[in-house]
Amino acid sequence: MKKSNFVAMILSATGGILFALGMCMVLIPEWNSFVPGCVMSVLGAVVLLAMVMIWRKMEGKTPLHLSPRIIGKALLGIAGALLLGVGMCMSMVWSNMVLGIVLGLTGIIALLCLIPLTKGLK
């Protein structure tokens with residue numbers, strides 16, 4: 001295993017755990033830890049963003065340059081993930097099966113659209 005991949009693995013696991021635990025702290029009302037959960041989630045997101053920059057630097061790749069195309073792909077990914085998550089919540093938690101399935105499928109389709117947008121069609 002290359003050193004850059006090992007560093008990326010450690011940082012992504014750490015950032016993912018911090019982010020996930022922070023989201024649990026925010027979303028589970030019994031824990032009464034909204035503010036610390038927000039702080040932990042932001043810290044996890046910062047570690048994950050730093051991991052991308054550190055990995056690219058260690059691999060000798062150029063830094064990411066923000067363009068409207070990259071921002072659009074990121075927004076599509078965020079919207080797709082949110083639609084999928086809300087659809088799952090509606091189906092499993094809020095007992096709104098039909099609308100939940102429709103929203104979930106819409107999110108899946110949005111996420112599938114990312115494949116030809118990033119890799120292209122041949």
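What you are looking at is a predicted structure, and each value in this text was computed from that prediction instead of being measured. (Residues numbered from 1 in each chain as written. Predicted model: local features only at pLDDT ≥ 70, side-chain atom pairs only at ≥ 80, totals over all residues. Heavy atoms only, no water.)

Draft legend 1. Expanded view of the overall build of the protein. Helix and strand content of the protein: 4 helices and 0 strands. Reading the protein from its N end, one meets helices and strands in the order α-α-α-α. A compact globule built from 122 residues would reach a C-alpha radius of gyration of about 14 Å, whereas the protein, at 17 Å, exceeds it by more than 25%. Oriented by its inertia axes, the alpha-carbon framework of the protein measures out at about 50 × 45 × 30 Å. Expressed as a percentage of its 122 residues, the buried residues of the protein come to 19%. Relative to all contacts within the protein whose residues are 6 or more apart in sequence, the contacts with residues 24 or more apart total 49%. Summing over all exposed atoms, the protein offers an accessible surface of approximately 8900 Å²; the carbon and sulfur share of this is 79%. (Helix = DSSP H or I, 4+ residues; strand = E, 2+ residues; numbered from the N terminus. Rg over C-alpha atoms; globule rule 2.2 N^0.38 Å. Buried < 20%, exposed > 50% of the residue type's maximum accessible area, 1.4 Å probe, protein only. Contact = heavy atoms within 4.5 Å. Areas by Shrake-Rupley, 256 points an atom, 1.4 Å probe, with all protein chains shown as cover.)

Draft legend 2. Focus on the pattern of salt bridges. Enumeration according to the criterion identifies 1 salt bridge in this entry. The partner of Glu59 in a salt bridge is Lys2, with the nearest N and O atoms 3.2 Å apart. Here Glu59, found in the loop between helix 2 (34-58) and helix 3 (68-92), pairs with Lys2, found in the segment before helix 1 (3-27); they are 57 residues apart in sequence, far enough to count as distant. For Lys2, a relative accessible area of 47% gives the class partly exposed. (Salt bridge = Lys/Arg side-chain N within 4 Å of Asp/Glu carboxyl O.)

Draft legend 3. Fine view of the side chain of Ser4. Along the polypeptide, Ser4 turns up in helix 1. Those residues in contact with Ser4, other than ones at most four positions away along the chain, are Trp55, Met58 and Glu59.

Draft legend 4. Representation of helix 2 within the structure. In this model, helix 2 (25 residues) spans 36 Å end to end at C-alpha, consistent with the 36 Å of a helix rising 1.5 Å per residue. Along helix 2, the positions that sit buried rather than exposed are Gly37, Ser41, Gly44, Val47, Met51 and Arg56. Of the surrounding secondary structure, the elements contacted by the buried residues of helix 2 are helix 1. (Expected span 1.5 Å × (residues − 1).)

Draft legend 5. Summary view of the packing of helix 1 against helix 2. One way to put it is that helix 1 packs onto helix 2 with a least axis distance of 7 Å and a crossing angle of 165°. Taken together, the axis directions place helix 1 and helix 2 in an arrangement best described as roughly antiparallel. Viewed along their axes, helix 1 and helix 2 form a crossing whose handedness is left-handed. (Axes fitted to C-alpha atoms, helices over the stretch in contact; angles between N-to-C directions. Parallel < 35°, antiparallel > 145°, perpendicular 65-115°, else oblique. Left-handed = near helix turned anticlockwise from the far one by under 90°.)

Draft legend 6. Region of the structure containing the layout of surface pockets. Taken as a whole, the largest pocket encloses approximately 470 Å³ of empty space. Lining the largest pocket are 13 residues, with Leu48, Leu49, Val52, Met53 and Leu64 sitting closest to its centre. Counting residues per element, the lining of the largest pocket draws most heavily on helix 2, which supplies 7 residues. When grouped by side-chain class, the residues that make up the lining of the largest pocket number 9 nonpolar, 1 polar and 3 charged. Reported here for the second largest pocket is a volume of approximately 160 Å³. Lining the second largest pocket, in full, are Ala81, Leu82, Gly85, Val86, Cys89 and Trp94. Looking at the lining of the second largest pocket, its residues break down into 5 nonpolar, 1 polar and no charged. (1 Å grid on protein atoms, 1.4 Å probe; cavity = no way out; pocket = protein on both sides within 12 Å on 5 of 7 lines; lining within 4 Å. Points joined across faces, edges and corners; volume = space filled by probe spheres on them. Nonpolar A, V, L, I, M, F, W, Y, C, P; charged D, E, K, R; others polar.)

Function cannot be read off these values alone, since they describe shape.
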